[in-house]
Amino acid sequence: MATTETDLQRQKEIKQAEELLFSGRQELGFAKGLFLGNFVADWAMPYPRLSDAQQAEVDRAIAELRQFLDEHLDPEEIDRQADIPRHVIDGLGRIGVLGMTAPKEVGGRGFSQMQYCKVLEEIGARDASTAVFTNAHHSIGIRALLLFGTAEQQHTWLPRLMNGDQLAAFALTEREAGSDAANVQMTATPTEEGSAYILNGEKRYITNAAIAQVLTVMARTPIPGKDKDAITAFLVTPDMEGFEMIEPRMPKLGIRGTATGRFRLNNVRVPKENILGPLGKGLRVALTVLDFGRTTFGACCTGGARTCLEMAVAHANSRRQFNKTLGNFDLVKKKIARMAADVYAMEAMTQVTASLIDRGFEDYMVETAMLKVFTTERLWDAVNDCFQIHGGSAYFDDSPLGRMLRDARINQIGEGSNEVLTSFIALVGMRGPGMEFKEIYDTMLKPSRGLSKAWDAGLKRLSAAVKVPEVPVRNDQLKSYAAQLGRLVWRFNFAVDKALIAYREPVLEMQLIQERIAIAAMELFATTCVLSRWDSELSALERNGSGASDHLAADLFVRRSLRHIRESLRGLGDNDDRALLKTADAVLGIESAGNRDGR
């Protein structure tokens, strides 16, 4: 009985996930292509570049932003006071940062996502609190209105949000709903006459909650004519009767300047005109908005990592021990070289992912998840390495590294924990080949279904098994790396197919297998972005008649990344998973699950 109930629950969860993630338009993008053994080159190659006009525009914006931040932003004071001063917020609004990608007709700057990422990289290099505040207001707050708001809603709400007169927040997280976004418990009950909804429930860990005048709130609504409910997005204002701010500023380890709050809605009446997007499609709103937020997340982390690299280099060149500077010690060089390689990759990956939005693609959720996991992990490594290079001096309050260490830790948790996103990357990616194998298997069991679909699926799997994809690079010095990358895409597809055949549906629960598959996929994406950028920069130098540039950081990243991919794929068959799980079960007091993960 227990097994039957577990199976039924799993099938229900699978069906919900299918409806949520695969009901819209599906494209064979770069990430999904990898899992099918394809290299969808035009998603990442040639490397995306801003036009001369766009570049000039963003250069002017960054110059203005730098001057403002130099004069007015004090990260240490923000951390001590646990508050971003109002004059900083007003200034960001005045120079256009708070409405940067909104259309000019509503008061925005009309920047592309690539341009906006360059701006947020600059803020992320200075202060994580200010970067998170800006990201919450614009990338997930205003963005919901820009993407899903009606013309009337946009006319009503957007103009005052552009310049900071009003601020925005996005309220999804609850006690039982965070990474598990579908488990929202806040209710929205329609009134008898149908003109409004009555909202009840509590939200917590909401960035900008205490300072926002417009909040996008997720609540569960009944679906007319159906015996079920679904999540709907509502525009809520704190002046509505029954809106209770329980904790305006929850004390935190890091990003202390952000106003992270907890509030309750007690029979709050919200007009039906405040529904944002279609009724019952709130999770679609949330997931779409988070794609934008994860892209700018990547930009903020890139800026932070670049600051770490600059600080590490400065200290390594000035601090002397044993009659030589720290920079002359190999173990210090190791950290600095790794940081330089990662910063190059983080920037490349962010720009490629942002370009997918600017080019009008619709299905890039796996790429944004990859970017978020990759950049947040690499920023944490950079902060930790920079801290170690500075030694004991980093541990005292006159160093910014303590604040940076505390600020960086939230990134691996916010906007989807990295563990959840890692499984998400693997499972969404494996769906493509999994469906093809299912078509073949179902036809074998029931030949009367017809052979055409199974035949097509079989040909695709066979083609992927025998054909090594080509990675198109223009410069001869990169062709060896391109060939290695193509070969690893083939090996990756073979490993995914092997896992699907060996484990079939239980792979949905096998997170250690999922992790290795996701890590390999992320490294394949990152390496592609680096090769694309490197190739573009080499070609630009040739056109300009310049000599070859020094791309040692790019070279190091590609070498290390290709090795990581091989190690992850090798680990699918050579690992200690069974011993690891048995040990954890014993420590946790959980009855052993037997041969989980197949060994």
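Every chain is numbered on its own, with residues counted from 1 as its sequence reads. Per-residue local features are limited, in this predicted model, to residues with pLDDT of at least 70; the limit for side-chain atom pairs, both in listing and counting, is 80 or more; totals at the level of whole chains, interfaces and linings are taken over all residues. Think of the side-chain values as coming from all heavy atoms in the structure, minus any hydrogens and water.

A. Region of the structure containing the overall build of the protein. Numbering of helices and strands runs from the N terminus; a helix is a DSSP stretch of H or I covering at least four residues, while a strand is a stretch of E covering at least two. Scanning the protein from terminus to terminus reveals 18 helices and 10 strands. Pairs of residues are marked as contacts when any of their non-hydrogen atoms sit within 4.5 Å. Counting only contacts in the protein whose residues sit at least 6 apart along the sequence, the fraction spanning at least 24 positions is 75%.

B. Quick look at the packing of helix α6 (residues 113–126) against helix α10 (residues 330–358). For helices, the fitted axis covers only the stretch in contact; all axes are lines through C-alpha atoms, and the angles between them, taken along N-to-C directions, range from 0 to 180 degrees. The N-to-C vectors of α6 and α10 enclose an angle of 145 degrees; their axes lie 8 Å apart at closest approach. Between α6 and α10, the residues in contact are Gln113, Met114, Cys117, Lys118 and Glu121 and Glu347, Thr350, Gln351, Ala354, Ser355, Ile357 and Asp358, respectively. Basically, the charged four are Asp, Glu, Lys and Arg, the nonpolar ten are Ala, Val, Leu, Ile, Met, Phe, Trp, Tyr, Cys and Pro, and anything else, Gly included, counts as polar. Its residues assigned to classes, the contact of α6 with α10 comprises 4 nonpolar, 4 polar and 4 charged.

C. Summary view of the pattern of salt bridges. Whenever Lys or Arg places a side-chain nitrogen within 4 Å of a carboxyl oxygen from Asp or Glu, that contact is recorded as a salt bridge. Tallied over the entire structure, the rule returns 31 salt bridges. Put simply, Arg474 and Asp535 hold a salt bridge, and the shortest N to O gap is 3.5 Å. Taken together, the residues span a long stretch of sequence, with Arg474 in the loop between α14 (452–466) and α15 (479–503) and Asp535 in helix α16 (residues 511–543) at a distance of 61 residues. Any residue under 20% of the maximum accessible area for its type is buried, any over 50% is exposed, and the rest in between are partly exposed; the area is computed with a 1.4 Å probe on protein chains only. Overall, the relative accessible area of 4% leaves Asp535 in the buried class.

D. Spatial organisation of the pairing of strand β2 (residues 187–190). Note on pairing: two strands pair once DSSP finds at least 2 bridges between them. As defined by bridge partners, β2 adjoins strand β3 (residues 196–207) across 4 bridges and the pair is classed as antiparallel. Note that in β3 the partner of Ala188 across the bridge is Leu199. Where β2 folds back on β3, the antiparallel hairpin that results is connected by 5 residues, among which Gly194 adopts a positive phi of roughly 80 degrees.

E. Local environment of the nonpolar core. With 96 residues, the main nonpolar core has Met370, Phe492, Ile517 and Trp534 as its most contacted residues. If one sorts the elements of this core by residue count, α16 sits on top with 14 residues. If sequence neighbours within four positions are ignored, Phe492 has contacts with Leu34, Phe35, Ile517, Ala520, Ala521, Leu524 and Leu569. In this text, buried Ala, Val, Leu, Ile, Met, Phe, Trp, Tyr and Cys residues form a nonpolar core when linked through side-chain atoms within 4.5 Å. Formed by 49 residues, the second largest nonpolar core is a distinct cluster that contains Ala144, Leu161, Met186 and Leu283.

F. A look at the environment of Glu122. Residue placement: Glu122 occurs in helix α6. By relative accessible area, which is 12% here, Glu122 ends up buried. Taking the C-alpha atoms as reference points, Glu122 and Gly303, 181 residues apart in sequence, are found 5.9 Å from one another. Setting aside chain neighbours within four positions, we find Glu122 in contact with Ile62, Leu65, Arg66 and Leu69.

G. Main features of the confidence of the model for the protein. Taken over all residues, the pLDDT of the protein has a mean of 89, while the share at 70 or more is 87%. The quantity known as pLDDT measures the predictor's confidence residue by residue, on a range of 0 to 100. Residue range residues 545–549 is modelled with pLDDT below 50. Its contacts to residues more than four positions away, or to other chains, number 5 contacts.

H. Layout of the packing of α10 against helix α17 (residues 552–571). In contact at an axis separation of 8 Å, α10 and α17 are set at 90 degrees when each is read in the N-to-C sense. Taken together, α10 and α17 sit at an angle that is classed as roughly perpendicular. Note on element contacts: α17 touches α10 through Ala553, Ala554, Leu556, Phe557 and Arg560, opposite Ala337, Arg338, Ala340, Ala341, Asp342, Tyr344 and Ala345. Here the residues of the contact of α10 with α17 are counted per class, giving 9 nonpolar, no polar and 3 charged. Each angle receives one of four descriptions, namely roughly parallel if under 35 degrees, roughly antiparallel if over 145, roughly perpendicular if within 65 to 115, and oblique otherwise.

I. Focus on α10. The terminal C-alpha atoms of α10 lie 42 Å apart, and with 29 residues this matches the ideal 42 Å at 1.5 Å per residue to within 8%. Taking burial as the measure, the 29 residues of α10 include 21 buried ones, the bulk of the element. Following α10 by one or two positions, Gly360 adopts a phi angle in the positive range, close to 85 degrees. What a helix should span is 1.5 Å times the count of its residues minus one.

J. Seen up close, the environment of Arg516. Take Arg516: it is sitting in helix α16. Among the residues examined, Arg516 registers a relative accessible area of 17% and is labelled buried. Considering only alpha carbons, one finds Arg516 and Leu569, 53 residues apart in sequence, at a separation of 6.8 Å. Beyond its immediate stretch of four places on either side in the chain, Arg516 contacts Ser568, Gly571, Leu572, Asn575 and Asp577.

K. View of helix α11 (residues 365–390). In this model α11 runs 38 Å from its N-terminal to its C-terminal C-alpha over 26 residues, within 8% of the 38 Å that 1.5 Å per residue would give. Of all 26 residues making up α11, 21 are buried, and the element is well covered by its neighbours. Following α11 by one or two positions, Gly391 has its phi on the positive side, about 65 degrees.

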